[in-house]
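As a plain string of letters, each chain reads:
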Amino acid sequence: MTEAVQVVKETKAQKIERLKREINPWEHVEQIRHFAREGRGSIPPEWANAYFKWWGIYTQGDGVGAIGGKGGEGLATEYFMMRIGLPNGILRSHQLRAIAGVTKKYARNLADITVRQNIQLHWLTIEGLVEAMDALATVGLGPKGACGDVVRNVTGCPLAGVAGDEIFDASPIARGIAGELSGNSDFYNLPRKFKITATGCRSWCSYPEINDVALTAIERIRNGRREPGFSLRVGGGLSADPHLGVRLNAFVPLEKAIDVVRGVAELFREQSALRENRERARLKHLFLQQDWTEERFRCELEWRLGYKLEGAEYEQVPGDVYRDHVGIHPQKQPGLAYVGASVLRGRISGDQLAQAAELSERFGTGELRTTTMQNLIFVNVPRSRTGELARELEQIDLHVDATPFWRGAVACTGTEFCKLAITETKSFTRWLVEELESRIPEFDQQLKLHVTGCPNSCGQHWIADIGLEGKKIKHNGKLVDAYYFCAGGSLGAWARTARPVGYRAPATEVPEALERLLRTYLATRERSENLRAWFGRHSDLELREFLAGAQFAPVERDLPSRAVPHGVE
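This is a predicted model, so every value here is computed, not measured.

1. Describing the environment of Gly-263
Next up, step 1: Topologically, Gly-263 is positioned in helix α7 (residues 257–269).
Next up, step 2: A relative accessible area of 2% places Gly-263 in the buried class.
Next up, step 3: With near-sequence residues (within four places) excluded, Gly-263 lies in contact with Leu-301, Arg-304 and Leu-305.

What follows is the structure in structure tokens.
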């Protein structure tokens, strides 16, 4: 009698590792052109669900989000969303004009600035996708490497080279890292996504604390001479299990910066244990799951580099909260200033992009920057003309003088386009900001208000003063969007992840709850007490009562028992 053969189903991790071994998607761009010729129906699942990501492309959800599908992922439509990589967030006007043209022609006039200084488009057909890629290539831009298990867009201070108080201009390092690692076939097969930042500024506006590897500018005195270099952090990241980066006992000279970052990427690539579970595959999981220490990591890195790193120097940790550079500020160049415009939740039209390109030429030198808080900065503007530019920007709904609610709001993609999201976020965030501006016009403090549509934290709710995490709940007999509240997250001098406070409410009741909370803060704060300090001296029980206006029993975040799929950003 023949024994039955039991077939063991591949895990998600095993499947993606097999697909990566079979081909390097970067070597098969002609396959994408073939799909464009043959139509949407010619695209096999391994391309639609995996290989496209290496080219910065995702299948677009149907607007329902995760609950409309199975296995934690919603249904895909015939459309795609594509992310355009912008190393260090640096843009020229002709490039932005090209993005605007593509946005209007192929993406229904809608774009999003992301929290990694990218610009993301939606509603692309497979035919339009290829035409958009070709149009962007003519101005030196493209989506290659903006997604997938690769080095993602390398971020940096958007004021590199112009900030009056920067330690030094680190953009050549950030762009050098991008040139060395992004799109490099040596790194097409990492265990998971790998996020890098290098900044020369004092405010750490590129969020080094939450990157896989981060370089922050520092300087030391040797033999009476000033020597610039970097501090090195590794293992930062958010998602469902946030972890702030670990500062290594290392001083990295400028000339070794790219070599050191490459060494960290190689170390990550060789960690076979991180390839066993997609939800525990980031560099941070060496610290979270495998008991690595700072000392072990540094020793492993030094062995790979073939030389010892000198000990770290003292570093001044910034106290700023926004880190967004919104407003009008002087540059280091005499007579010039930069103008930072707040783009609410990062949502911007192709028409606005085209107008921004034109304004950057009319008032400056045609140079712009994107930021990690989803904003746009215009640099090299004569100080005498900054007020006129600010007024022009207000006319196209880009605010230079923004309220704390408008300025501090960040939102992920949400169910509008993302297959992993649970709630709609972009329209909700705009409505929430308008409600709070109307309800509490006297609010006068910096406030980072981040909205994320699922536990993956693409909206970075873990580092917000108030973070809202999307849920679905039964309310009045219907399944509705809801949000779970986290409070007290911050970086820099107050670095800590936000506390889940045990309060959840339908989306329609969020403004009222926040009004209660923030009015309590205004009424009870001590002299010069900021919101982070105020949260720090109140318990979760007290914060729940402030939100609810009454006693409120704690509720769980309702994390599913199965693993949460990682998000798109």
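After that view of the structure, there is still more to cover.
2. Remarks on the nonpolar core
Next up, step 1: Counting 61 residues, the largest nonpolar core has Met-82, Phe-378 and Leu-393 as the members making the most contacts within it.
Next up, step 2: Setting aside residues up to four positions removed in sequence, Met-82 forms contacts with Gly-56, Ile-57, Ile-119, Gln-120, Leu-121, Leu-124, Leu-129, Ala-132, Met-133, Leu-136 and Pro-143.

3. Thoughts on the pattern of salt bridges
Note that side chains of opposite charge can pair when their charged atoms are close.
Next up, step 1: Enumeration according to the criterion identifies 50 salt bridges in this entry.
Next up, step 2: A salt bridge links Glu-227 to Arg-220, with the nearest nitrogen and oxygen atoms 3.1 Å apart.
Next up, step 3: With a closest N to O distance of 3.1 Å, Arg-347 and Glu-416 form a salt bridge. Of this pair, Arg-347 sits in strand β12 (residues 347–349) while Glu-416 is found in the loop between β15 (409–411) and α13 (426–439), placing the two residues 69 residues apart along the sequence.

4. Points about helix α4 (residues 93–106)
Next up, step 1: Under the 1.5 Å per step criterion, the end-to-end length of α4 is 20 Å for 14 residues, consistent within 8% with the ideal 20 Å.
Next up, step 2: Every buried residue belonging to α4 is among Ser-93, Gln-95, Leu-96, Ala-98, Ile-99, Ala-100, Val-102, Thr-103 and Tyr-106, and all of these are buried.

5. Describing the state of the cysteines
Structurally, a disulfide amounts to a covalent bond that connects the sulfur atoms of two cysteines.
Next up, step 1: Scanning the entire structure with this criterion turns up zero disulfides.
Next up, step 2: Unpaired in terms of disulfides, Cys-147 finds its nearest cysteine sulfur in Cys-458, a separation of 11 Å.
Next up, step 3: In this structure Cys-147 comes out as buried when scored by relative accessible area, which is 0%.
Next up, step 4: Looking at the unpaired Cys-454, the closest cysteine sulfur is the one in Cys-458, lying at 5.9 Å.
Next up, step 5: Assessed through its relative accessible area of 8%, Cys-454 is described here as buried.

6. Observations regarding the packing of α4 against helix α10 (residues 350–363)
Next up, step 1: Running from N to C, α4 and α10 point in directions that differ by 165°, and their axes come no closer than 8 Å. Between α4 and α10, the crossing angle belongs to the class labelled roughly antiparallel. Every pair of crossing elements has a handedness; the one defined by α4 and α10 is left-handed. In this structure, α4 contributes Ser-93, Leu-96, Arg-97, Ile-99, Ala-100, Thr-103 and Lys-104 to the contact, and α10 contributes Gly-350, Asp-351, Leu-353, Ala-354, Ala-356, Ala-357, Glu-358, Ser-360 and Glu-361.
Next up, step 2: For the contact of α4 with α10, a count of residues per class yields seven nonpolar, four polar and five charged.

7. As for the sheet that holds strand β13 (residues 367–370)
Next up, step 1: Spatially, β3-β13-β14-β11-β10 is the arrangement adopted by the five strands of the open sheet, whose pairing is antiparallel. Pairing within the sheet leaves two strands with one partner each, and these edge strands are β3 (90–92) and β10 (327–330). The average angle at which neighbouring strand axes cross in this sheet is 25°, direction not considered.
Next up, step 2: Sheet strands in contact with α4 are β3 and β13, and its direction is about 85° off that of β3.

8. A look at the packing of aromatic side chains
Next up, step 1: According to the stated counting rule, one finds 20 aromatic pairs in the structure shown.
Next up, step 2: Taken together, a centroid distance of 5.7 Å and an interplanar angle of 70° make the contact between Trp-47 and Phe-52 edge-to-face.
Next up, step 3: With a relative accessible area of 6%, Trp-47 lands in the buried category.
Next up, step 4: Taking 5.1 Å as the distance between ring centres and 65° as the angle between the ring planes, the aromatic pair formed by Phe-485 and Tyr-503 counts as edge-to-face.

9. A word on the sheet that holds β12
Next up, step 1: Here five strands make up an open sheet; going across it, the order is β1-β2-β5-β4-β12 and the pairing antiparallel. Single-partner strands in this sheet number two, and they are β1 (57–61) and β12. Strand after strand, the sheet turns through a mean of 35° between neighbouring axes, direction not considered.
Next up, step 2: Pairing geometry for strand β2 (residues 76–84) and strand β5 (residues 119–124), over four bridges, is antiparallel. When the bridges of β5 are listed, Phe-80 appears paired with Leu-124.
Next up, step 3: α4 rests against β2, β4 (110–113) and β5 of the sheet, and its axis sits at about 20° to β5.

Here is what the cut-offs are and how they apply
- Residues numbered from 1 in each chain as written.
- Predicted model: local features only at pLDDT ≥ 70, side-chain atom pairs only at ≥ 80, totals over all residues.
- Heavy atoms only, no water.
- Helix = DSSP H or I, 4+ residues; strand = E, 2+ residues; numbered from the N terminus.
- Buried < 20%, exposed > 50% of the residue type's maximum accessible area, 1.4 Å probe, protein only.
- Contact = heavy atoms within 4.5 Å.
- Core = buried A, V, L, I, M, F, W, Y, C linked by side-chain atoms within 4.5 Å.
- Salt bridge = Lys/Arg side-chain N within 4 Å of Asp/Glu carboxyl O.
- Expected span 1.5 Å × (residues − 1).
- Disulfide = S-S within 2.5 Å.
- Axes fitted to C-alpha atoms, helices over the stretch in contact; angles between N-to-C directions.
- Parallel < 35°, antiparallel > 145°, perpendicular 65-115°, else oblique.
- Left-handed = near helix turned anticlockwise from the far one by under 90°.
- Nonpolar A, V, L, I, M, F, W, Y, C, P; charged D, E, K, R; others polar.
- Pairing = 2+ DSSP bridges.
- Phe/Tyr/Trp six-rings, centres within 6.5 Å; stacked < 30°, edge-to-face > 60°.

Geometry only, nothing functional implied.
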